[in-house]
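Next come the chains, spelled out residue by residue.
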Amino acid sequence: MVKESKNAAPRATDGVARSPLYRRLEAAGARCRAFADTVVVADCGASPEEEERLRCLAWADFSPLPRLGYKGWEALSWLRARGLGVGESGETRCSRDGLLAARMGDEALLLGAARAAAEACQRCAADWEKERPSGVFPVPRQSLSAWLRIGGTQAPAMFAKLCALDLRTHRFPNLRVAQTVMARMNVLLLREDCVCAGAPALPAYHLLMDSAAAEYLWECIGDAALEFDGVPVGCDAFLGAWEEAPQAFGEKGARK
Amino acid sequence: MSKAAATPLAADAPWRLPAPAGLCVRRDRPLRFRYEGRAYSGLEGDSIASALLANGVWMLSRSFKYHRPRGPLSMAGLEADTLVRVNGEANVQADMEALRDGMEIRAQNCGPFGLRWDPSALLGIFSRFLPVGFYYKAMYRPRLAWQYFWEPIVRAMTGLGRVRRDAPPAYYDKMYRFCDVAVIGAGAAGMAAALEAARGGCEVLLVEQEERPGGMLNYARDVPDGESGRRDELLREVAETPNIEFLSGTLCNAWFADNWLPLVQGRRLYKLRARELILATGVMEQPAVFRNNDLPGVILGSAAQRLLRLYGVRPGRRAVVLTAAADGYEVALDLLEAGVEVSAVVDMRPAPEGDCFQEVVRRGLGVFSGSCVLEAEAGRGGHLAAVRLAHIISGGSCEDSKVRLECDLLCMSVGRMPTYQLPLQAGARLSHAGDLEGFRISGLPERVRLAGAVRGFRSLEEVLADGRAVGAAAVAALAGNGGDGEAAQDFPSPEESGAASPVWPIFQHARGKEFVDRDEDLQIADILNACADGYAELELVKRYSTVGMGPSQGRHSALATARLVARATGSEPARVGVTTARPPVAAEKLGVLAGRCFEPERRTAMHHRHLEAGARMLAAGLWWRPAYYSPGEAAREQCIQEEVLAVRNGVGMIDVSTLGGLEVRGPDAAEFLNRIYTFAYKKQPVGRVRYVLMTNEAGVVTDDGVACRLAEDHFYVTATTGGVENVYRNMLWWNAQWRLRVDICNVTAAYAGVSLSGPRAREVLRSVCAADLRLEASDFPYLGVRCGRVAGLPARLLRIGFVGELGYEIHVPSTHGEALWDALLRGGVEFGVRPVGIEAQRVLRLEKGHVIIGQDTDAMSTPQELQMDWAVAGKKPFFVGGRSLELRARHQLSDRRLVAFEAGDDPDLGTLLRESSLLLRNGAIVGHVTSVAWSPALRKTIGLAYAPSDSKVGEVLHIKGQAPHGKSKDEKLILQARVVAAPFYDAGNQRQEV
């Protein structure tokens, strides 16, 4: 566990849990900061310009942030009983604390990108340990899948160089989930647009991939993004200006 | 003479017409380029060919076989004659490639003295000795004559350019695209269809091969309300319609199932998936076949119109027009208005008619009706100088020539053929109404439609109306209101369409040189001789004569060939048809196919630690694994042997993260494993590990691993690195039928694993483990599994011994893998721990006689053959493959066994004895070696091999050795090995169970 400190800048290797991409980020000039009980890359040396880069195309490593999955014939009802909205397969619900609950077949995937959501994610894991409900089986998404956040108006065009699925914004709506193949690797793709007050929503996606293939896909994305001037950025480009803005929520939990 | 013709021509491009002629060119932007070493000027918007023609340069290449001078024919990229070398790049289409400043252009397939004087052109004199298929009859004897004599000569004299080996690498890319309606061809029909589909709310992608949309609207004469008014109106509508996306300069190069279309645009390949496809690909004008029909200056009528209108180039001074329809009269009028003197119009029809004919007559041009061009004559530089005309008696035969007309341009407008490649690839067929008519397309699959000229419509109003109707039909189909595209489409009659000329435009000459296929220099006699040689089917004619096999893929030869074959075999052109249309439609660069391919790879959490330690990595499936560690550039064999001995005498650590990991959870987990694997698991205690062996329904071994029972309802199962995906798929498939209360989850990437092995393994582990994790054999025996913390990390520990020593496999979340590796290395310093690669692991397991699935097994291996009956629980009521194994055992179906052998104490044997070496008995092959290695612990060469099932311990095996480097492969090298009992090392298993 890493404690937040205002004095010394933490490093990606401070904790025992490391993102499979930390070397890539260090090479890109990453600067880290504590977030919840982990270390995230705050920026890649170009803050605050990184928020502007995000308007076109940028991506960040969210791998250190909490995420988990649950499978089994009782998984959905257990999660719903805990007040977590889990929709139909292929849908994502967003709770008030920002926890994303995506449903793929019989698995529910919980993503805790915002601070409160991260805590909610951890609470859920602790509850399962305590209850050990039958028919509910955790999927170790924290280590099984690396997590990238990709955003920008050019993101769908960039995806078209990697993925045979039609991910254009009017075909793949916000809060939609797809299990698909990207650069010949299985991935989970979840669209959750970046919103901030007074600005139009920016297409943004959560991409979960086999953690062993994270470096490979990082290279593929970097190559595909070249023509769109896409760059890797720190998490703050997503977590800071965009997602910490005051937000309103729809009736079904989807962000407006 | 028209006003345009009276204006002086540009001095440095003497054949350029003054403005406003030339839709494509920018007269304020001159470009300089060099062709065959000489400097020329052109204009921005020119193609290479148009710029050369504007300078009076017609000869672009030499033909394939007879090295005849050749120039452009279609100005539409349909023939091989315009292929040139540009800045070192071979096979660039001069009539399609845009001119750029500073281009260095060279002709191809010409001799050492350049394009103008090619000694190989003398071959034409001896053409009677080089009939079709002569190489099949002449070049195969004596035995090596082709390889060492003929082939070098043929290769030096023919070919399509040379690959530039020092070409700089270029970036080629691929991208997916999607649309509701794809329209291929942005002519009048294509644009009308696109607009109609867009009005219906569809997303439309309009694809055009040429840079300028409009198709024939750009150059054809019969455009009403001004030359460009209708085109500009359509273009404006297309541009202003938001749901139409237009791709210019893009070639749709194939059709694949479900409207999957590869679109090539420059260096990018778009992979388009269209819900509805509209092919508005137009027609290809066909040449007439007569003697010397390939001379520079003999072009299609549409080519002349393209030159005039698109590029503002006057194609000749004095022209003759050969026609069989109204088209030729339009060409004649266009030429006349551009200042070209038209000597005559030669109409193959006996009684010409129509408005254009009347206009030509009114202007005083001579018309030879019922006549043909029997021969073209070459003048200076091989260019057309005159034509000889003859009166047609009947189809294909004519009187002797009595008229000779001097000219430097012959335009042919004798018939059209639908652009059939894409429809035929989609499954359509060509029909042919009669001997003298052209082909038509029918039998299109669902979701594919034709529009406009490709369907036989001729007039602009008909084409536009058809485009609109087809676009509306596509919208209706997408809305679910009818999907039978072809049934709803009415085809015009040939007479109505004017697409086909009811004449026979093929005229044989006593002296030959009437070219049917310009790519391959095939004459009428070649096609007829192929039929006479017994090749009566078109596909056979094609293979024997190579007709249609050149770069133009029969675009100008298919119709003439079908007619000739039909007449020679007494058949109908409809029955003869055309040869199978296969992708690609046109030549495509290898770079387009090779560009931006994905080669997935997976790396363990410790990957970079291995590299830092000097590991030599090897690919194992998608994974990268350390083969051995050589930090000081030590030799491979030495490194491997040191790593083996480190495990035998001290302690080594192997990254086993690549092993498959599966969580099997639920109340029926044990029952599930009992059915899916050969062994028994229902009574397996919690905290214990048991070997798993998987067979398929035929009883063939497909995978192995271990099952760790972590709880009554929870097993953690490992699988082989390359096999886990199949195992996972298998498990899901079987349980979909069994419906047991069990959940299966592939967690391979979730865990990093380190195998810590060797007599000092426990000491290393103790140094990094919490005190509450008891490691003594009494507390944590062999084949035990524990959960605890290692170096503070949550871990699963498995006491298993693949390498035959005291060993622990430590599995932690992959996010912690690097930290685990570091901790074990640090904790193991005082015990001499060292990283060990998989090459050493392979030797270690061989010493223990353990098999590797995939290396020691094949698609027939059963547990019995592997002598692993101990891993099959025969009393179980069922497991996958159980019934087959029972039958095989009962009927003694197998006659081989995997046996262990020793081959002596000479370390060099390893170079002679290799995996896959053959076992011989009385000269017959009776088996093969699957694994072999020099054992540093035993100081001998050991291995596993499939041998006859009656092989006994002590028996001598005869193994065919492999000749070492530098020795002849034919040298017989029979080595002897002795069958021994496995394992080779620590037969009592005392070392691993300590």
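Residues numbered from 1 in each chain as written. Chains lettered and ligands numbered in written order. Predicted model: local features only at pLDDT ≥ 70, side-chain atom pairs only at ≥ 80, totals over all residues. Heavy atoms only, no water.

Things to note about the overall build of chain B
At step 1: The number of helices and strands found in chain B is 26 helices and 48 strands.
At step 2: Relative to its length of 994 residues, chain B is extended, with a C-alpha radius of gyration of 38 Å against a globular reference of 30 Å.
At step 3: With the C-alpha coordinates aligned to their principal axes, the bounding extent of chain B is approximately 115 × 70 × 60 Å.
At step 4: Classification of the 994 residues of chain B by burial places 58% in the buried group.
At step 5: Contacts in chain B between residues far apart in sequence, at least 24 positions, make up 66% of those at least 6 positions apart.
At step 6: As displayed, chain B offers around 41100 Å² of accessible surface, 52% of which is attributable to carbon and sulfur atoms.
At step 7: Taking the average place of the 118 positive charges on the side chains of chain B and the average place of its 117 negative ones, the gap between the two points comes to 4 Å. (Helix = DSSP H or I, 4+ residues; strand = E, 2+ residues; numbered from the N terminus. Rg over C-alpha atoms; globule rule 2.2 N^0.38 Å. Buried < 20%, exposed > 50% of the residue type's maximum accessible area, 1.4 Å probe, protein only. Contact = heavy atoms within 4.5 Å. Areas by Shrake-Rupley, 256 points an atom, 1.4 Å probe, with all protein chains shown as cover. Lys, Arg positive; Asp, Glu negative; His and termini not counted. Charge placed at Lys NZ, Arg CZ, Asp CG, Glu CD.)

Some details on the overall build of chain A
At step 1: When helices and strands are tallied, chain A shows 8 helices and 15 strands.
At step 2: A separation of at least 24 residues holds for 67% of the contacts in chain A among residues at least 6 apart in sequence.
At step 3: Accessible surface computed for chain A: about 10200 Å², of which carbon and sulfur atoms make up 50%.

Things to note about the domain arrangement of chain B
Residues and elements named next belong to chain B.
At step 1: Along its sequence, chain B is organised into domain 1 (1–161), domain 2 (175–284 + 418–497), domain 3 (513–588), domain 4 (613–885) and domain 5 (895–994).
At step 2: Measuring from the centre of the C-alpha atoms in domain 1 to the corresponding centre in domain 3 gives 24 Å.
At step 3: Contacts between the two partners involve 24 residues from domain 1, matched on the other side by 19 residues from domain 3.
At step 4: For the pair domain 1 and domain 3, the summed buried area comes to about 1800 Å², and 52% of that belongs to carbon and sulfur atoms.
At step 5: The largest per-residue losses of area from domain 1 upon contact with domain 3 belong to Arg70, Leu78 and Val132, which jointly make up 32% of the total buried on that side.
At step 6: Summed over the shared surface of domain 1 and domain 3, the number is 8 residue pairs in polar contact (both at pLDDT 80 or more).
At step 7: At 3 residues, helix 3 (residues 134–138) tops the list of elements feeding residues into the side of domain 1 that touches domain 3.
At step 8: Looking at the side of domain 1 that touches domain 3 residue by residue, the classes come out as 11 nonpolar, 7 polar and 6 charged. (Domains from an automatic or database assignment. Buried area = accessible area lost by both parts, 1.4 Å probe. Polar contact = N/O pair within 3.5 Å; in protein donor to acceptor, adjacent residues only side chain to side chain. Nonpolar A, V, L, I, M, F, W, Y, C, P; charged D, E, K, R; others polar.)

Considerations on the domain arrangement of chain A
Residue and element names in this part refer to chain A.
At step 1: Taken as a whole, chain A is organised into domain 1 (22–60 + 143–239) and domain 2 (67–141).
At step 2: Taking only C-alpha atoms, the centre of domain 1 and the centre of domain 2 are 22 Å apart.
At step 3: Taken together, the contacts link 19 residues of domain 1 with 18 residues of domain 2.
At step 4: Interface area for domain 1 against domain 2, summed over the two sides, is near 1700 Å², with a carbon-plus-sulfur share of 63%.
At step 5: Linking domain 1 with domain 2 are 0 salt bridges, by the criterion used here.
At step 6: The interface formed by domain 1 and domain 2 includes 8 residue pairs in polar contact (both at pLDDT 80 or more).
At step 7: Looking at the side of domain 1 that touches domain 2, the elements with two or more residues in it are strand 1 (31–35), helix 5 (141–144), strand 9 (145–151), strand 10 (177–182), strand 11 (185–191) and strand 14 (204–210).
At step 8: At 3 residues, the largest contribution of residues to the side of domain 1 that touches domain 2 is made by strand 9.
At step 9: When its residues are assigned to classes, the side of domain 1 that touches domain 2 shows 11 nonpolar, 4 polar and 4 charged. (Salt bridge = Lys/Arg side-chain N within 4 Å of Asp/Glu carboxyl O.)

A short note on the pairing of strand 43 (residues 896–902) of chain B
Residues and elements named next belong to chain B.
At step 1: With 7 of its 7 residues buried, strand 43 lies for the most part within the structure.
At step 2: Side chains of strand 43 alternate between two faces, with Arg896, Leu898, Ala900 and Glu902 and Arg897, Val899 and Phe901 buried alike.
At step 3: Pairing between strand 43 and strand 46 (residues 940–948): 7 bridges, direction antiparallel. When the sheet's bridge partners are listed, Phe901 is paired in strand 46 with Gly943.
At step 4: Inspection of the sheet shows strand 43 paired to strand 48 (residues 974–980) by 3 bridges, in the antiparallel sense. The residue of strand 48 that forms the bridge with Phe901 is Val979. (Pairing = 2+ DSSP bridges.)

Quick notes on the sheet that holds strand 40 (residues 793–798) of chain B
Residues and elements named next belong to chain B.
At step 1: Taken in spatial order, the 6 strands make up an open sheet running 39-40-41-38-32-42, and their pairing is mixed. Across the chains shown, the open sheet's two edge strands, defined by having one partner strand only, are strand 39 (785–790) and strand 42 (834–835).
At step 2: As judged from the 3 bridges shared by strand 40 and strand 41 (residues 807–813), these two strands associate in the antiparallel manner. Paired with Arg796 across the two strands is His811, which belongs to strand 41.

Observations regarding unusual backbone geometry
Residue and element names in this part refer to chain B.
At step 1: The step from Ala19 to Pro20 runs through a cis peptide bond, and the omega angle for that step is 10 degrees.
At step 2: The residue after Ala982, namely Pro983, is reached through a cis peptide bond having omega 0 degrees.
At step 3: Structurally, the position occupied by Pro983 is in the segment after strand 48.
At step 4: Positive phi values are uncommon outside glycine, yet Asn292 reaches one of about 60 degrees.
At step 5: Within the fold, Asn292 resides in the loop between strand 14 (283–285) and strand 15 (298–300).
At step 6: The buried category is assigned to Asn292, whose relative accessible area is 9%.

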